[in-house]
Structures are given as structure tokens and as C-alpha cells.
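Listed below are the residues making up each chain.
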2 protein chains.
Amino acid sequence: MKIALLGCGTVGSEVVRLMRMRTTELADRVGETVEIAGIAVRRAGKDRSHLGVADDLFTTDAIGLVKRPDIDVVVEVAGGIEPAKSWITTALAEGKSVVTANKALLAADGPALADAARAGNADLYYEAAAAAAIPLMRPLRDSFQGDTINQVLGIVNGTTNYICSRMSEAGISYGEALQEASDLGYAEADPTADVDGYDAAAKAALIASLAFHTHVDLSDVHREGIADLTPADIKAAADAGRVIKPLCIASRDDDGISVRVHPAMIPLGHPLANVNGAYNAVFIEAESAGRLMFYGAGAGGTETASAVLGDIVTVARNRRSGARAFPPEAAYGERTVKPIGKARTRYYVSLEVVDEPGVLARVAATFAHHGVSLATVHQTGRGEDAQLVVVTHYAPDEQLTATLDELKRLSLVHSVSSTMRVEGD
Amino acid sequence: MKIALLGCGTVGSEVVRLMRMRTTELADRVGETVEIAGIAVRRAGKDRSHLGVADDLFTTDAIGLVKRPDIDVVVEVAGGIEPAKSWITTALAEGKSVVTANKALLAADGPALADAARAGNADLYYEAAAAAAIPLMRPLRDSFQGDTINQVLGIVNGTTNYICSRMSEAGISYGEALQEASDLGYAEADPTADVDGYDAAAKAALIASLAFHTHVDLSDVHREGIADLTPADIKAAADAGRVIKPLCIASRDDDGISVRVHPAMIPLGHPLANVNGAYNAVFIEAESAGRLMFYGAGAGGTETASAVLGDIVTVARNRRSGARAFPPEAAYGERTVKPIGKARTRYYVSLEVVDEPGVLARVAATFAHHGVSLATVHQTGRGEDAQLVVVTHYAPDEQLTATLDELKRLSLVHSVSSTMRVEGD
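Everything numeric here is computed off the predicted structure, so don't read it as measured data.

1. A short note on the domain arrangement of chain A
Residue and element names in this part refer to chain A.
Now for step 1: For chain A, the domain assignment lists domain 1 (2-132 + 301-330), domain 2 (139-297) and domain 3 (340-422).
Now for step 2: Just the C-alpha atoms count here: the centres of domain 1 and domain 2 sit 28 Å apart.
Now for step 3: Each side of the interface is counted separately: domain 1 has 18 residues, and domain 2 has 14 residues.
Now for step 4: At the boundary of domain 1 with domain 2, the tally comes to one salt bridge.
Now for step 5: A salt bridge links Lys 103 to Asp 199, with the shortest nitrogen-to-oxygen separation between them at 3.3 Å.

2. Here's the deal with the environment of Gln387(B)
Residues and elements named next belong to chain B.
Now for step 1: By the secondary structure assignment, Gln 387 is in strand β15 (residues 387-392).
Now for step 2: Its relative accessible area of 22% is what places Gln 387 among the partly exposed residues.
Now for step 3: Sequence-wise, Gln 387 and Val 354 are 33 residues apart; in three dimensions their C-alpha atoms are separated by 8.3 Å.
Now for step 4: Excluding residues that lie within four positions of it along the chain, Gln 387 makes contacts with Ser 350, Leu 351, Glu 352, Val 353, His 378, Gln 379, Thr 380 and Ser 417.

3. Comments concerning the relation of the copies chain B and chain A
Now for step 1: Screw-axis analysis of chain B against chain A gives a translation of 0.0 Å along the axis, an RMSD of 0.0 Å, and a rotation angle of 180°. Classification of the inter-copy transformation places it as that of a two-fold axis.

4. Regarding helix α14 (residues 397-409) of chain A
Residue and element names in this part refer to chain A.
Now for step 1: The terminal C-alpha atoms of α14 lie 19 Å apart, and with 13 residues this matches the ideal 18 Å at 1.5 Å per residue to within 8%.
Now for step 2: Along α14, the residues classified as buried are Asp 397, Leu 400, Thr 403, Leu 404, Glu 406 and Leu 407.
Now for step 3: Taken together, the buried residues of α14 touch β13 (344-353), α13 (359-369), β15 (387-392), β16 (395-396) and β17 (413-422).

5. Considering the UniProt feature "domain: ACT" (unreviewed entry) in chain A
Now for step 1: Annotation from UniProt places "domain: ACT" (unreviewed entry) at residues 348-421 of chain A.
Now for step 2: Counted over residues 348-421 of chain A, helix gives 32% and strand 41%. Its end C-alpha atoms are 6 Å apart.

Definitions and cut-offs
Residues numbered from 1 in each chain as written. Chains lettered and ligands numbered in written order. Predicted model: local features only at pLDDT ≥ 70, side-chain atom pairs only at ≥ 80, totals over all residues. Heavy atoms only, no water. Domains from an automatic or database assignment. Contact = heavy atoms within 4.5 Å. Salt bridge = Lys/Arg side-chain N within 4 Å of Asp/Glu carboxyl O. Helix = DSSP H or I, 4+ residues; strand = E, 2+ residues; numbered from the N terminus. Buried < 20%, exposed > 50% of the residue type's maximum accessible area, 1.4 Å probe, protein only. Least-squares fit on C-alpha atoms with pLDDT ≥ 70 in both. Expected span 1.5 Å × (residues − 1). UniProt positions renumbered as here; feature names shortened; annotations may be inferred.

Spelled out as C-alpha cells, the structure:
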């Protein structure tokens, strides 16, 4: 079985190293030798001798490599939309199965790629596209097919989880935590993709698409970053017996589905609350299976390469037996993806208020006016420090934001000191 | 697609209910209708009207049902070795794919069943056989095929986890905790299979077989129950910053593999330490994927039926496409399964000792004499209460037990008050 590897950066180099290290095991598991027969790189002539592969395996002609008649399987770990998309669709059109870790491309063009796989009678596997080596895509594609998933809550970005964890543990600011993450190599020089939630949003689209048998486009995912988190928010969460986590949320109700990425307060007793540092975890609530969690390293070259190798073994086995994976998109439902305003969310709100009779009644009336009912209300402090802390029940997000807008205009309210969505109760 | 259901107890009834409830979704996901065409039961004439299926679907002639020409897939949820084994091998011989939850049979006769599946060109799936709806068998069969698993630590029996959790939380005795488990329906009238580790041992055999590509027979699994746990053991663990959990352990080193079921102390910071009540979790350490954990409900009719339905969808899809799963046993390695004496373990030992100079040196010399080196030693108390608490490094289990035998004979040692293997550091 001959593999074309497209891309030889952090993940690609590890795919090369692990395939060399595990040659015998992979052959045992597939039933024949699996070898890398060509590696497409952007720049020729770079010293890659540490990889221990023959120089003539490297080429800058990726599309030529994909089309080579001896290539059976194409592994794309270059990333980005183009030229990766052309490489993958060319491979699939030629009936060559593809393994990819390219979440951005899958989130942007998943259905087109799935169509290409079906048309070419080829497999398209992408376990490494979300949560690295944590088995997630495959359980969603296969294990839960007899069940109905109601909700997925995931910590799927290690950088932002590291930042939130450090803000909670060490009481430091967002900027300080980001600097730490950067010093440790968890954050990139330009951290936008992580801290503004773009990376998590792509993963959310993939997760929701598989969980709900409905194509969820990247543009369907509501996205908020973590850059506005303050130590006051972290403290407010702690005071409320909660912790703030950067979540990807995919939920389903009778009206449709909601897919979003934003920080949220979760109870300290929730299984995700103890997932700290750069770790990832995905919590799934299914109608029959109940509450499940998958936990592990969500990034890293070796971890991601482990998932890529697992997919290589699967597509190689399928090729040998003439089998192809059941295309997940063939069962696409037609669920509506709701905009954030229509998603049912809960809010934590803390308000600095005037210390006089009737404040609580006025604030409560404002929530009621917008159809939002309250789960808990705590009144603390006196005089200048008078504060109301409210946790709502679920309501359409737009009713909650409308409530907040009106509260900010009330003369009885000095300021809205912290607002945060609440999940996982 | 026509299914024969063999067994209609707790799990079988839920399979019936869920398949009726999800008829449309299952048809969407498979690509054709999937229906139960016959149900084999032990006793005819029992009132099963609550299931809402036609009376003429029930039969006491299981083997006749399996052989019926219209049956495509056989689902066995009756349990036990015979007649389940005959039913399954008959189905496979006729080329009918089988889904089963029968861990006892798989642990006893896995290779024979796998051979029968291969000979009949049929699928054999058994996700529900361990940890119910937690995807575990399938990740081991597929997701980790590009990696090398070094260790699996699992809490795979909810009854014993409930008992250990309650002993830790409430400080109650084993007998009291077992009574609670019984009152809540977590323990059966005869709790032997759970508390003596038979149930976990069967699951350990399945897990280790898949993790290490080596057939592990039930008789290869070293098994110790939890009935001898005392409040003193629980307290000793807490004093050492640990908690006692009923573990299934499958580990690999250069000499071979070790598969065992026994209670062990794990550090409070270990991901398994917070898995309480009747929940299950499996912690996997793989060379490249790193440390992962899967968590969820490990028992229950609905949860187990969810896993069965997931397998039904997979084998039904495979039948439609003409595909068959890669038989996991085709890659069987030839690893030696080491007896417990040769397994490398660590021990916690607390000793009541004479309070006089030289005791520590004598005790340390005893460990050294047997080639066991010490990780930590704490000396506490004076006079009658003088105590030594020792945690060893890894050594062959037989060297540790020989050390304990000799320590018990030392006149300087009043008694060995608690000994427990240590895992997860």
C-alpha cells in the first residue's frame, strides 16, 4: 500500500517518524506493508535528513504525486483551503482514499468533499481534525448511530483552555495568561485563530454535522472569543461555585440545532470543570447512552499523527477488503441551524445597584418583561457595594440580551459588572 | 433488513423499545428499514404486551429463528455460554452478522467466535460487552490501530465502584456499602460476579485482547475481589493522598503483558480518582496519543441497548455495502501473558512496628533483600502506635509478596496493617 503524504510540518514529520518506527505493526494490522512513497513539500532543498527518508521521496509537485498511478492513499496534513482542496478532490476523483487533519477545509467544504468521496468510491477520514488523538469523529460517525445525541459540550482548543485555567488557578489577567501560553508554545505568535474562537468554530461545525446528521457550515457557528474575560468574571464564577471554560456547544431541540463557541460558566461538579491546562475533552449527552466524556491531549504533532495513522490503517484495510466507510453525509437530516438569538441559553448576570427598596423588584420585572424567568437571585453588599447576582433559566438568547440592554439603561443599576452564559447544569 | 433478537430481558426489552422509537432514524442511517422479525425467549406465554410487538414475533425456538432464511442479522442479549454460543456460531456459519453483549462468552471463546465470523464472512460486533455505551471496543479495534497502547486502567464494574466510592465518601464498612448498593439495585442478590471480580475479569480479557493484539483468555486474568477492603485501608489511602478504586489493569512491557483485576490505590489527581458512584471510566496510555480517558454509564438496560443499536447500524451498513469489519484477531500478536508473580507492580504497605532504633533499617533491608526498592517511607507515632508507611517502586509482584511474608515474620513488626497495590502514578 503506497501513501502520498502532502505536507511535512509538525504533524507530517511525526507521521513519517511513526510510520517508520511502526512499520511491522502497521503491516500486521493492515495485512500488507504500508509505505510512504512520496512527500509533497512547499520548499525543495530544505534539510530533512533527520527524517531518515530518501531525498528522492520529496517533491514540490503535490498534484503530480497525488496522480501517480502507484499511489493508493493520500494523507493531507498541509492545512489551509487551497491548494489542499484541489489535492483532495483530485485524489478522491481518482478513487484514492484520503486521510486529512484539515478542519478548516472540512468545515468550509465538507459536503463537497463527501460528494467527491462518494463519486470516487473512496474513503474520507478525518479523526485528527478535532481533538487530535481523542477518538471523537469515529464514535460520532459509528458508535452513536443507534442513539440520539442531544448535546455536545467540548473543550476543543488547548490554547484557550490553558488561558482560562491559568486565569482561574493563578488569578492572573487574560494578557498575562496569554503571555504564559505563548512562552510555553501553547499559543502561536498570532493567537487570533485560537483566542477569537475560529479554530474551535471549525471543530464545532464538524462535531455538530456528525452529531446531528445535518450539514453545519462554519458560517452557521456563532463565535465569541475569550479576550474580554476579566479577573472579575473569573472571581464571579468562583463565587457562584462555577468555573469559566472556553466551550464549543452543539445542542438540539425540537426547533432545530444551535452551534456556538463562547466562554461559559459551568458548575464545579461538571466533568469538564476539571479539564485544565492544554487538555481537551468532549462531553456528550445522548438520549439512551446518557452522559459520556472523552478526555485527552487535543493537540501536538505526535498526538495528531497517532489519529492520522489510525485513519491510515482503516482506509488501508478498507481498500484491501474492497469496503468503503458508510458516508456520514448520506444520512443528512434537514435540521434548521438556529441563529444565536433563537438559541436557548442561560445567563449569569451581576449588577451593581442602588441600595434602596424596590431595586430587586424592578430588576426582576425587567427580566419578566422579556419573558426570562430567574433560577436564583443573590443580593449582597450595602450602600455603594450593593450587588445583585442573577442566574436565569433557559430562554432565547435574544430575550436575554434585550434584558441586559434594558438593565443597563435603568437608573437603579450603576453597572452590569459581569455577564456570562451558563452551561452544564 | 431483518433482525433476530435472542433474549428479551432488561437489555433485550430496551433494544425492542428503542428500535421501535427510532425506526425512521435507523432507516435513514442504514439506508433501509431495519426491523425485528423475531424474538427468542426462554418462556412462552409471559405477558409482554408492554413491548407493543405482535405476539407471533415471540418464539422459544432460538435456533430455528437464527436459521430462518429471512433473518439477516442476529442480536444476542441472552448471556451465558450455552446455548448462546451455539446460536452465534450457527448464525455466523450462515453468513449472518452477529451483535452481542455477551462478555462471558467472548472472554471464554473469543477466538473461536472470531474464526466462525471469518469463515462465514460475517461481522461480529460487541461494543456493549464492556462499559455499556462508552465507546471502547471500537476505538480499540480501529482508532488506536496506528498507535501502541502501553496501559489500560479501567473502572469497568459499577457495583464495585459504587461500593468503593461509598466506603471513601461515607466512611462506612464494606458490608454497609454492599447493602446500600443492593438496596439501590446496583448489586444483585448474589453479588459474587461483581464483588469477586468475575465480571471485571471478563471485560479485562476483552480489553487486553484488543489493546495488545493478543488473545487473552479469561484464565490469564489475575483476579482479586474487594470483599476484604476495610475502613482502615480506605483511611490509609486517604492519608497517603490516594483513593482505592476497583481496577481492571492491562499493561505491556518488553517481557509480555499483564492483565489483572484488583483494588488499587491511585493518586487523588488521577483522572480516574473522581469517577464515583456506579460510573465507569477507562484510562488509556498510548505511546503517541498520550493519556486519554473515556467516561460514562457502564451499565443499565438503556445504555447497553444504545451500544447494541450502534453495532446493529454498523453491521447493517456493512451488509448493504458488502463490506465486513477487519477481523481484529487477524493481527493477533504472540505476546506472553505473564502470571501475576511476574507482573511489575508497586505496593503501599503500612506496618505497626516496635518503637526502637534500627527498625527502619531492618524493614528497609528486608525490601532490599528481595530486590524491591522504596519510593517513600514515612515513620509516624511513638511507642505502641509506631508505624511505618512504605510505598515501593515497581518490582515483580512475587518479590513484593515474598517481602511481605518475611516482614510478617519479623519480631520487630507487630503487624502488617494494610497492603495495597498502587497504580496510576
